[in-house]
Amino acid sequence: AYMKMHYYTKYQKKEVGGLLKVQYDGKDWIILDAALLPQKASSAYFELDQNKLSKFAETIPAEEMHLWKGWWHSHVNMAVFWSQIDIDCFNNMNGVMGDVIGIVMNKKRESKTTIIKDGEFYDSDFEIINPESEEFYQAMIKLNVKNTWW
């Protein structure tokens with residue numbers, strides 16, 4: 001998941017983003033996959049195509065739908081931070097999906113990760129797990145909750 005996000009970010013000149021497949025095992029948050037969907041983008045903004053998002057949702061097995069509860073995006077060459085648009089998106093997602101994960105990254109491999117749980121924002125960092133995976137881009141990442149930042 002991490003390498004997918006990194007390569008999507010690295011090879012785009014505009015912002016890019018998508019959804020995260022996330023699992024909580026009672027102790028750790030594990031990001032299982034990162035999806036890139038059709039979108040409109042500029043150097044400082046992106047918007048997912050709602051029709052394509054709906055079609056993507058139709059391909060997800062019903063028993064996995066609850067796992068798609070995060071989103072990621074790039075800031076290309078800018079610093080990593082949460083804009084007001086990001087915060088509004090998190091609040092909307094949290095209201096609909098419950099706990100959600102957000103990641104923003106840039107071409108320098110800087111990143112910021114947040115877990116929104118019960119309306120509270122928690123900073124997090126992550127570690128790559130199973131890096132020995134035959135296909136490294138499928139390596140999952142585990143989030144480590146730090147402190148409330150909001």
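Please refer to the structure higher up on the page.
Because the structure is a prediction, the values reported are computed rather than measured.

Participant: Where do I start with the overall build of the chain in this structure?
Facilitator: Counting its secondary structure elements, the chain contains three helices and nine strands. Starting at the N terminus and walking to the C terminus, you meet the elements of the chain as α-β-β-β-β-α-β-α-β-β-β-β. Across the 150 residues of the chain, 41% fall into the buried class. Long-range pairs, those at least 24 residues apart, make up 60% of the contacts in the chain with a sequence separation of at least 6.

Participant: Whenever I open this one, the nonpolar core confuses me. Can you help?
Facilitator: Grouped burial of nonpolar side chains is what soluble globular proteins tend to show. Core analysis: the largest hydrophobic core is formed by 17 residues, its most contacted members being Leu 19, Phe 56, Trp 68, Trp 71 and Phe 90. Ranked by the residues each element gives to this core, the list is headed by helix α3 (residues 84–97), at three residues. What Phe 90 contacts, discounting residues up to four positions off in sequence, is Trp 71, Trp 82, Val 100, Ile 101, Gly 102, Ile 116 and Phe 121. Membership of the second largest hydrophobic core comes to 15 residues, among which are Tyr 2, Ile 31, Ile 101 and Met 105.

Participant: What's the story with the pattern of salt bridges in this structure? I'm lost.
Facilitator: Throughout the structure, instances matching the rule amount to four salt bridges. Glu 64 serves as the salt-bridge partner of Lys 21, at 3.0 Å between the closest nitrogen and oxygen. Placement of Lys 21 in strand β1 (residues 17–24) and of Glu 64 in the loop between α2 (50–59) and β5 (68–74) is noted, with a sequence separation of 43 residues between them. Between Asp 123 and Lys 112 there is a salt bridge; the shortest N-O distance is 3.6 Å. One end of the pair, Asp 123, is in strand β8 (residues 120–129); the other, Lys 112, is in strand β7 (residues 111–117), and 11 residues separate them in sequence.

What counts and what doesn't
Residues numbered from 1 in each chain as written. Predicted model: local features only at pLDDT ≥ 70, side-chain atom pairs only at ≥ 80, totals over all residues. Heavy atoms only, no water. Helix = DSSP H or I, 4+ residues; strand = E, 2+ residues; numbered from the N terminus. Buried < 20%, exposed > 50% of the residue type's maximum accessible area, 1.4 Å probe, protein only. Contact = heavy atoms within 4.5 Å. Core = buried A, V, L, I, M, F, W, Y, C linked by side-chain atoms within 4.5 Å. Salt bridge = Lys/Arg side-chain N within 4 Å of Asp/Glu carboxyl O.

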